[in-house]
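Coordinate inspection notes
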Amino acid sequence: MLTIAVLICFFWMLSLCLHEFGHAITAYCGGDKSVKEKGYLTLNPLKYTDANVSLLMPLLILMIGGIALPGGAVYINHNQLRNRKWKSAVSLAGPLANAIISAVLAIPFMLGWHESALSNNENSFQLYAYSALAYSVTLNIFVVLINLMPIPGLDGFGIIEPWLPQTIKPKLAWLYQYGIWILMGLLWFVQGFSRTLWNITFALGGFLRVNRTLIFTGSEGFRGYSLLLVVGLIAILWIFRDKDKDLYRTGTQLISQGKYPEALEKFNTLLAKQPSNADALLMQGYCYYCQQQYENALKSYMQGLQYQPDSSRLYYYQGIVYKDLNDTTAAISAFDRAIELNQEDTGSWYEKAKILVAKQEWQTALAAVERVLQLKVQDGEVYSLKGDVLIALGRHDDAINAYNQAFKLQPNSLAWVKLVKLLEKLKKNDELLALYDQKIRLKPDNPDIWYRRGLSLAKMNLPQEAEESYDKAVACYEYLTKRRQRDAKMWCDYGKFLEKLQRYDAANVVYHRAVENWKRDFEGSKSPTANMWYEYGLILDKLNRNEEALVAYNRVTEIEPEFYQAWYLSAKLHELNERYNNAVLSYDRVLKICPDDSNTWWMRGNTLAKLEKYDDAVICYDRAIEIYPEFYGFWLARGTVLYALEQFQDAYAAYNTAIQKNPTSVRAWEYKGLALIKLGDLNGAIDAFDDAIKIDEDYSSAWYNKACAYALQQNQDLAADALRQAIKLGGEHYRELAKCDCDFDDLPGYSVK
């Protein structure tokens, strides 16, 4: 009987190799040349070893008492196949190989050679051989029947899948991960299903003249030693498996865990052995991309395309890198090439559509979005993007339909917020309120929905209804905080919400409760996270408990030194407490992490100006301007420190640039006037002060400086009028200021009253 089991295992491994070889050779002929690089064009069973079908599934079947023989797998790049006929042919090739094997192994039975074995009652090798042969024919027929079933994951579905309508494919995609379990459920739990398959198998075996007595003899012989032999066979396959496939598999697992450096190491090792492995180059490039090493990623993708020039996946990921590098021309070119190679590449169509939206090429973008929806109808994000495009094209009703479809598919997406804004703009109040009602039915305890509803009602001039909606939102927070009384983050959110409603006293009460919870969390946690300390610091900051907030931010940076927001807020608190040197040091830490943060350069310059380190401040402002020259505030600050350095001409030029950037800045006009006074152009100064006053008639400082300019011109009446206006608008301190202002010293016959 052991002989029977050994022979059956031999015939099974032969069948396995021919089945997988059939898939591989057909794919190679159909255009997927990667199967050769992966080593599939061979009858070596070790090349077809797969962790799931070669180890896990057979062991599971053994445990539940089934016939467990190891399977194999080849990974075909279907995008490389020339057309859907070849896709079907690749799936058909495996079962066809099993069918041919069945017919070939059945030849001795059709010729009657087995009769002598039946007439010999002794346990001869001839009897064992024909019994093993008969059972192997039966197993191959059964495998053909199983594989031809139209269940996702099996060859039968692979044959028909290319011919299914595009609208149906996305709806069936989720079944792929459950296909094998569906099959096992049918075989073991659906009464009569397995029996029917075996009846058909025996009938086909009878057609091939396979003797049923020999089949049962083979079955008994195999089952007697199956556990030992199959486990041994699985062990051999696993021990001598293709280690290179293990490297690839381990690398992809590490990627799924976010361990990109470790994954990169695996792929580098694999590529040292197989430098032309395009799939490994793809994954190597992806590891580089996830670590923001874009140039290395592009090199990997380009190298992969040298070996597999028709890989749409490589072009897709190449396009993603170019997109992140803001090279939209190269990105679209890569996505177009991917689409040319695979018209059903939804990812490339979608990414191309998003780039076209950013470039405001609306008609082309709409065509791309429509193509995505043809291929992937059940995607709310795509419908949301379609709505954005339709709004830009002025097709508001169509945009409403698109957003509604997006909301229907993904109720928790931001599509409903876009729909709210559009309905508000079109003043379709009934539809808007119906949308809120629908959203509230889905999430009645969500305070953000009630708050947004209140904002919309306020825009409809329904203040009472708006307040009622706000109160509902407050009630939601009350309910949530009662259920989660120790949730500090929830109390923080509640406080921020009350601030938005300008209910500051209530917000302070809530923030104090949040602080209590944070303290409890810190006491109960062995290792509070940086984010916990940061949130705690923000609340203490709001409560003006500055020193405690500073301690919290310091704890953040102890845990995560690169947490630049904490360094920035620490600097602000140091500045508030007039610890300017400490503030500068904190700003330096921010700039070490974010060297191109123009705002931090600006704030650092302001702090240095308070320390009267004007030359250093100018350097900071120049760096801020280099990064973002369009903000008038940087130029204004630069002019101020240049004025302090008595570089009045340069200060005047800086103020002029500030005015160009923001012509409505009263301070820029006023400071320009002050610079002109120092340059001796009193008429120009008065004109600048007048321009400031035109923007803001109540700007008392401009009136005072205008009075100074008139006084320097010894124009007593106009100086007096301007000073009176400054005192009227800004208070008596201007009168006191004028008494000691040297600008009024040389004014004959004039005294400040």
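Residues numbered from 1 in each chain as written. Predicted model: local features only at pLDDT ≥ 70, side-chain atom pairs only at ≥ 80, totals over all residues. Heavy atoms only, no water.

1. Re the overall build of the protein chain
For clarity, the cut-off: By the criteria applied, helices consist of DSSP H or I runs no shorter than four residues and strands consist of E runs no shorter than two, each listed in order from the N terminus. The rule is simple: take the accessible area with a 1.4 Å probe, protein chains only, and divide by the maximum for that residue type; under 20% is buried, over 50% is exposed, in between is partly exposed. Pairs of residues are marked as contacts when any of their non-hydrogen atoms sit within 4.5 Å.
What the protein chain contains, in helices and strands, is 41 helices and zero strands. For the protein chain, the residues scored as buried account for 49% of the 753 residues in total. Across the protein chain, every contact between residues at least 6 apart in sequence was considered, and the portion connecting residues at least 24 apart equals 57%.

2. Considerations on the side chain of Glu-535
Its place among the elements puts Glu-535 in helix α29 (residues 530-542). For Glu-535, a relative accessible area of 16% corresponds to the buried category. Ignoring any residue separated from it by four or fewer positions in sequence, one finds Glu-535 in contact with Lys-489, Lys-496 and Trp-518.

3. Let's talk about the environment of Lys-421
Mapped onto the fold, Lys-421 is located in helix α23 (residues 415-426). Separated by 35 residues in the primary sequence, Lys-421 and Ser-456 place their C-alpha atoms 9.0 Å from one another.

4. As for the side chain of Thr-600
The condition that has to hold: Whenever a nitrogen or oxygen atom comes within 3.5 Å of another N or O atom, the pair is scored as a polar contact, on the condition that within protein one atom can donate a hydrogen and the other can accept it, and that pairs from neighbouring residues in sequence are kept only if both atoms are in side chains.
Counting through the fold element by element, Thr-600 comes out in helix α33 (residues 598-610). A distance of 2.9 Å separates a polar atom in the side chain of Thr-600 from a polar atom in the side chain of Asp-597. If we skip the residues at most four places from it in the chain, Thr-600 touches Tyr-568, Tyr-587, Val-590 and Leu-591.

5. What about the environment of Gln-318?
Along the chain, Gln-318 falls in helix α17 (residues 312-324). Placed 15 residues apart in sequence, Gln-318 and Ser-333 show a C-alpha to C-alpha distance of 9.8 Å. Beyond its immediate chain neighbours, meaning those up to four positions away, Gln-318 contacts Leu-298, Tyr-301, Met-302, Leu-305 and Ala-334.

6. Here's the deal with helix α19 (residues 346-358)
Selection criterion: For a helix, the expected span equals 1.5 Å multiplied by the residue count minus one.
A rise of 1.5 Å per residue sets the reference length of α19, with its 13 residues, at 18 Å; its end C-alpha atoms lie 18 Å apart and thus fit the reference within 8%. Within α19 the residues assigned to the buried category are Ser-348, Trp-349, Tyr-350, Glu-351, Lys-352, Ala-353, Ile-355, Leu-356 and Val-357. Among the structural elements, α17, α18 (328-341), α20 (362-375) and α21 (380-392) are those in contact with the buried residues of α19. After α19 finishes, the residue Gln-360 shows a positive phi value of roughly 60°.

7. What about the confidence of the model for the protein chain?
As a reminder of what qualifies: Here pLDDT means the predictor's own confidence in every residue, given as a number from 0 to 100.
In this model, the protein chain carries a mean pLDDT of 87, and residues with pLDDT of at least 70 account for 89%. Throughout residues 54-66 the model reports pLDDT below 50, and contacts reaching past four residues in sequence, or to other chains, amount to 35 contacts.

8. Some points on the packing of α23 against helix α25 (residues 447-459)
Here is the rule we go by: Angles here are taken between N-to-C directions and fall from 0 to 180 degrees, while the axes themselves are lines fitted to C-alpha atoms, restricted in helices to the stretch in contact. Here roughly perpendicular refers to angles of 65 to 115 degrees, roughly parallel to angles under 35, roughly antiparallel to angles over 145, and oblique to all remaining angles. Classes in brief: Ala, Val, Leu, Ile, Met, Phe, Trp, Tyr, Cys and Pro nonpolar; Asp, Glu, Lys and Arg charged; the others, Gly included, polar.
The geometry of α23 relative to α25 is characterised by a closest axis approach of 11 Å and an angle of 10° between their N-to-C directions. The angle between α23 and α25 places the two elements in the roughly parallel class. For the pair α23 and α25, contact is made by Trp-416, Val-417, Val-420 and Glu-424 and by Ile-449, Arg-452, Ser-456 and Lys-459, respectively. For the contact of α23 with α25, the class distribution of residues is four nonpolar, one polar and three charged.

9. As for the pattern of salt bridges
Side chains carrying opposite charge are able to pair once their charged atoms draw close together. In plain terms, the rule: Throughout this description, the term salt bridge denotes a Lys or Arg side-chain nitrogen within 4 Å of a carboxyl oxygen of Asp or Glu.
Under the defined criterion, the tally for this structure stands at 32 salt bridges. Close ionic contact of Arg-313 with Asp-279 constitutes a salt bridge, the shortest N to O distance being 4.0 Å. With Arg-313 in helix α17 and Asp-279 in helix α15 (residues 278-290), this pair connects stretches of sequence that are 34 residues apart. Looking at Arg-313, the relative accessible area reads 32%, which means it is partly exposed. Judged by relative accessible area, Asp-279 falls into the buried class, the value being 12%. Ionic contacts of the salt-bridge type, sharing partners, join the residues Asp-310, Arg-337 and Glu-340 into one network.

10. A look at helix α14 (residues 260-273)
How we decide: By construction, the arc corresponds to the directions joining the helix axis to the C-beta atoms.
Between its first and last C-alpha atoms α14 spans 20 Å; for 14 residues at 1.5 Å apiece the expected length is 20 Å, and the two agree. Buried within α14 we find Ala-263, Leu-264, Phe-267, Leu-270 and Leu-271. All buried residues of α14 lie within an arc of 125° about the axis, which places them on one face of the element. The outward face of α14, more than 90 degrees from its buried face, is lined by the exposed residues Glu-265, Ala-272 and Lys-273.

11. A closer look at the packing of α15 against helix α16 (residues 294-307)
For the pair α15 and α16, the least separation of the axes is 7 Å and the interaxial angle reads 170°. By the angle between their directions, the pair α15 and α16 is classed as roughly antiparallel. Residues Ala-278, Leu-281, Leu-282, Gln-284, Gly-285, Tyr-286, Tyr-288 and Tyr-289 of α15 pack against Tyr-294, Asn-296, Ala-297, Ser-300, Tyr-301, Gln-303, Gly-304 and Tyr-307 of α16. Across the contact of α15 with α16, the residue classes tally to 10 nonpolar, six polar and no charged.

12. So, the nonpolar core
Keep this limit in mind: Grouping buried Ala, Val, Leu, Ile, Met, Phe, Trp, Tyr and Cys residues that are joined through side-chain atoms within 4.5 Å yields what is termed a nonpolar core.
In terms of nonpolar packing, the biggest core is built from 114 residues, with Trp-518 and Tyr-536 touching the most fellow members. When near neighbours in sequence (up to four residues on either side) are disregarded, Trp-518 contacts Ala-488, Lys-489, Cys-492, Met-532, Glu-535, Tyr-536 and Ile-539. Counting residues in each nonpolar core, the second largest holds 53 residues, with Ile-625, Phe-634, Ala-637 and Tyr-734 among its members.

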